[in-house]
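Architecture and fold: a report
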Amino acid sequence: MTMNPKRLAAVVLLAGVSACSTNPITGRSQLVGLVSESEAISGSAQAYRQMMAELDKKKQIERGTPEAEPPRLKKVQEITDRLIAQAIQFRPDSAGWKWEVQVINDPKTVNAFCMAGGKMAIYSGMWEQLKITDDELAQVMGHEISHALLDHTRERMSIALSTSLGVQLLGAATGVGNLGGQAMDIAAQVAITLPNSRESESEADAVGTQLAARAGYDPKAAVALWDKMAKLGKGPAEFLSTHPSPENRAAKLKELGAKLEPVYLAAKHNPPAAHRYVNLAGGNNERVVKPAPAAKN
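Here's a quick rundown of the structure. (Residues numbered from 1 in each chain as written. Predicted model: local features only at pLDDT ≥ 70, side-chain atom pairs only at ≥ 80, totals over all residues. Heavy atoms only, no water.)

Quick notes on the pattern of salt bridges
Evaluation of the coordinates by the stated rule reveals 18 salt bridges. With a closest N to O distance of 3.9 Å, E78 and K75 form a salt bridge. Here K75 and E78 lie together in helix α3 (residues 71-90), a separation of three residues that amounts to about one turn. Given the relative accessible area of 31%, E78 is considered partly exposed. Residue K75 is classed as partly exposed on the basis of its relative accessible area of 26%. Between R154 and D151 there is a salt bridge whose closest N-O contact spans 3.7 Å. (Salt bridge = Lys/Arg side-chain N within 4 Å of Asp/Glu carboxyl O. Helix = DSSP H or I, 4+ residues; strand = E, 2+ residues; numbered from the N terminus. Buried < 20%, exposed > 50% of the residue type's maximum accessible area, 1.4 Å probe, protein only.)

Pasting the structure below:
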């Protein structure tokens, strides 16, 4: 039986009211209960596969072999692996995620993202437009990984389902209590396009900078990164347009960087053992121990 649209909208609204929960890392109340963790991860994985398949057809995904990986992809994997090792300290269940990262060959686009379950990508415009350093790259990926750790994808999916779009998705599903995989896939695709709130961005700044410092990357690079983005010639980068930057953002990052300096220096001179987390064959998460990177002078 099809539910009356007005009644369906009321059900979505009431569900949203009771769907808030407190994030254990930040302590903030979030609207996430309209989407389960497994639904957010499976929906994101499907949306990610579709996106990467379309880009692969256009030959925009940098490919290689284990013996000869493209330099940028190899560098991103190395840095991301070190960040994930620290992310697991914040959220142990993320050790079971099937982490993936790809480099999208699009020199004009300055952007990156990480969806629920650790599905990541970064655009080549980060190198072409910003001449990004390893420390700055760690800030980008740490920031994006933090969005996944803090359930921001799930939050945006829940927000999508609590709006008029959610009524349409629910009406197309088999029942209000069972949204179905297709509706979640659509919600995940919509979540990619929805900007994070300023509050979410501040949270990702704080956690991402910590991840980078603990992995041995200079927290001062966060300020340098945002300065570079703000100075791009033709208006703000796409990364900036969807990542609101309040006037006091640089000041907050400088303050946080100063606090994290001892953490960074300790990790820099005594780097933790590196493990392979991303792009594992078969999609499993077997840990492949690699030699720890040499300490920087």
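The structure having been displayed, the exposition proceeds.
Digging into the environment of S44
Relative to the assigned elements, S44 resides in helix α2 (residues 37-57). Under the relative-accessibility criterion, S44 is labelled buried at 0%. Note: C-alpha distance between S44 and M157 (113 residues apart in sequence) is 9.7 Å.

Things to note about helix α9 (residues 198-214)
A rise of 1.5 Å per residue sets the reference length of α9, with its 17 residues, at 24 Å; its end C-alpha atoms lie 24 Å apart and thus fit the reference within 8%. Buried residues of α9: S200, E201, E203, A204, D205, V207, G208, T209, L211, A212 and A213, and no others. Where α9 is buried, its residues touch α3, α5 (134-149), α6 (152-161), α10 (221-230) and α12 (249-269). Backbone geometry just after α9 places G216 at a positive phi near 95 degrees. (Expected span 1.5 Å × (residues − 1). Contact = heavy atoms within 4.5 Å.)

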